[in-house]
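Chain by chain, the residues:
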Amino acid sequence: MLRIGLFLLTNLAVMVLAGIIFNLLGIQGILAANGVDLNLSGLFLLCAIFGIGGALISLLMSKTIARMSTRTQVIDKPQTADEQWLVDTVRELSQKAGIGMPDVGIFPMPQANAFATGWNRNSALVAVSAGLLERFNRDEARAVIGHEIGHVANGDMVTLALIQGVVNTFVMFFARLVGFFVDRVILRNEQGLGIGYFVTSIVMDIVFGVFAMMVVAWFSRRREYRADHAGATLANRESMIAALQRIKSESEAGREQPLPSNMKAFGIYGNMGALLASHPPLEDRIQALRGQPQ
């Protein structure tokens, strides 16, 4: 969930900033200064440039943002047996999945968690929490790593960035239509674009942006099943099921500690039960694995 949450929140921040810049750069050239005539094609083109651009910026920043937000320490030279095992396991499973060797890191969180991110499959970061290394046995931890490498091999970050770029475009487009409507129809401003347009469009960027996050989260939940299948294939199915069961039991026992608010959408646990949840309920994921053929 760390991977998706950080991407979504970074994208929302970029979109709000892009919306402000979009207004300051003279949107009057797109929205006519008098009357209600509106160059919809020109407006949509500019929204596509900013919307897709914002998603691509989020994608390119994802590795750096994830590392800084989680305080992940990238392992350059393994210093302990656990670090050596982690690097060796990531290398083995990456080769098996047919991707380049990712950076490998550990982040200092007591809850069992892990993430993988990066702008392409040959330049990724795979990190696990200190809690996961401490409490999971090697088979369970290997399955979790396989799950994260599955995200990389499946190109999930790129796929979600493309989806995000499309929804960003419509967010910006409809936010400005609403802003124009409020300014001209409700406030009856006839002298260019007034404060009603600028304030409303920025507010609607945020409101529509939340709905856009729901769309991306829905796609993310679908991708989680594929990553579980990858973990089951790269490691083995019983280990993947055991890892999910351990996460579920720790959550039910209250051992799972909440992630910082800016990271809740990106870990490997995901029984959030909300439209913004990037992961399906753990029980659903376990049942899906049990239903797969050997």
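Bear in mind the structure is a predicted one, so any value in this text is a computation, not a measurement. (Residues numbered from 1 in each chain as written. Predicted model: local features only at pLDDT ≥ 70, side-chain atom pairs only at ≥ 80, totals over all residues. Heavy atoms only, no water.)

### Focus on helix α6 (residues 156–186)
Since the α-helix packs 3.6 residues into each turn, any two residues three or four apart lie on the same face.
And then number 1: With 31 residues, α6 ought to run about 45 Å at 1.5 Å a step, and its terminal C-alpha atoms sit 43 Å apart, in line with that.
And then number 2: In the stretch just after α6, arginine 188 is the one whose phi turns positive, near 55°. (Helix = DSSP H or I, 4+ residues; strand = E, 2+ residues; numbered from the N terminus. Expected span 1.5 Å × (residues − 1).)

### Digging into the sheet that holds strand β3 (residues 114–120)
Note: strands within a sheet are paired through backbone hydrogen bonds, in either parallel or antiparallel orientation.
And then number 1: In spatial order, the strands read β1-β2-β4-β3; together these four strands make up an open sheet with mixed pairing. The open sheet terminates on both sides in strands that have one partner only, identified here as β1 (73–74) and β3.
And then number 2: Pairing between β1 and strand β2 (residues 103–107): two bridges, direction antiparallel. The partner of valine 74 across the bridge, within β2, is glycine 105. (Pairing = 2+ DSSP bridges.)

### Description of empty space enclosed by the protein
And then number 1: As enumerated under the stated definition, the model contains five cavities of 30 Å³ or more in all.
And then number 2: Considering the residues around the largest cavity, the lining is formed by Ala116, Thr117, Gly118, Trp119, Asn120, Arg121, His151, Val152, Gly155, Asp156, Met157 and Val158.
And then number 3: Looking at the lining of the largest cavity, the elements that each hand over two or more residues are β3, α5 (138–153) and α6.
And then number 4: Of all the elements, β3 adds the most residues to the lining of the largest cavity, at five residues.
And then number 5: Tallied by class, the residues present in the lining of the largest cavity amount to five nonpolar, five polar and two charged. (1 Å grid on protein atoms, 1.4 Å probe; cavity = no way out; pocket = protein on both sides within 12 Å on 5 of 7 lines; lining within 4 Å. Points joined across faces, edges and corners; volume = space filled by probe spheres on them. Nonpolar A, V, L, I, M, F, W, Y, C, P; charged D, E, K, R; others polar.)

### Quick notes on the confidence of the model for the protein chain
And then number 1: Chain-level pLDDT for the protein chain is 81 on average; 78% of the residues reach the 70-or-more range.
And then number 2: Note on residues 26–36: pLDDT is under 50 here. Beyond four places in sequence and across chains, it has 28 contacts.
And then number 3: Low pLDDT, under 50, characterises residues 269–273; the stretch is placed with 20 contacts to residues that sit more than four places away or in other chains. (pLDDT = per-residue confidence, 0-100. Contact = heavy atoms within 4.5 Å.)

### Concerning unusual backbone geometry
And then number 1: A positive phi angle is found at arginine 71, which is not glycine, with a value near 60°.
And then number 2: Looking at the secondary structure, you find arginine 71 in the loop between α2 (40–70) and β1.
And then number 3: With a relative accessible area of 54%, arginine 71 lands in the exposed category. (Buried < 20%, exposed > 50% of the residue type's maximum accessible area, 1.4 Å probe, protein only.)

### Structural notes on the pattern of salt bridges
Oppositely charged side chains are able to pair whenever their charged atoms sit close together.
And then number 1: Throughout the structure, instances matching the rule amount to eleven salt bridges.
And then number 2: We note a salt bridge from glutamate 140 to arginine 246, for which the minimum N-O separation is 2.7 Å. Within this pair, whereas glutamate 140 is found in helix α5, its partner arginine 246 is found in helix α8 (residues 237–252), the two being separated by 106 residues in sequence.
And then number 3: Looking at glutamate 140, the relative accessible area reads 7%, which means it is buried.
And then number 4: Two residues, lysine 248 and glutamate 283, come together in a salt bridge whose shortest N-O distance is 3.8 Å. Linking lysine 248 in helix α8 with glutamate 283 in helix α9 (residues 282–290), this pair joins segments that are 35 residues apart in sequence. (Salt bridge = Lys/Arg side-chain N within 4 Å of Asp/Glu carboxyl O.)

### Topic: the packing of aromatic side chains
Remark: the centre distance and the inter-plane angle together describe each pair of aromatic rings, the angle taken between the planes.
And then number 1: If you walk through the whole model with that rule in mind, you get seven aromatic pairs.
And then number 2: Look at phenylalanine 44 and phenylalanine 173: their rings are 5.4 Å apart centre to centre, the planes differ by 80°, and that puts the pair in the edge-to-face class. Remark: phenylalanine 173 occurs in helix α6 and phenylalanine 44 occurs in helix α2; sequence separation between them is 129 residues.
And then number 3: Given a relative accessible area of 32%, phenylalanine 44 falls into the partly exposed group.
And then number 4: Ring centres of phenylalanine 170 and phenylalanine 174 lie 6.2 Å apart, and the angle between their planes is 20°; this geometry places the pair in the stacked category. With phenylalanine 170 and phenylalanine 174 both in helix α6 and four residues apart, the pair spans about one turn of that helix.
And then number 5: Chaining the aromatic ring pairs together yields one cluster made of Phe44, Phe170, Phe173 and Phe174.
And then number 6: Cation over ring: arginine 138 sits above tryptophan 85, and NZ or CZ is 4.5 Å from the ring centre. (Phe/Tyr/Trp six-rings, centres within 6.5 Å; stacked < 30°, edge-to-face > 60°. Lys NZ or Arg CZ within 6 Å of the ring centre and 35° of its normal.)

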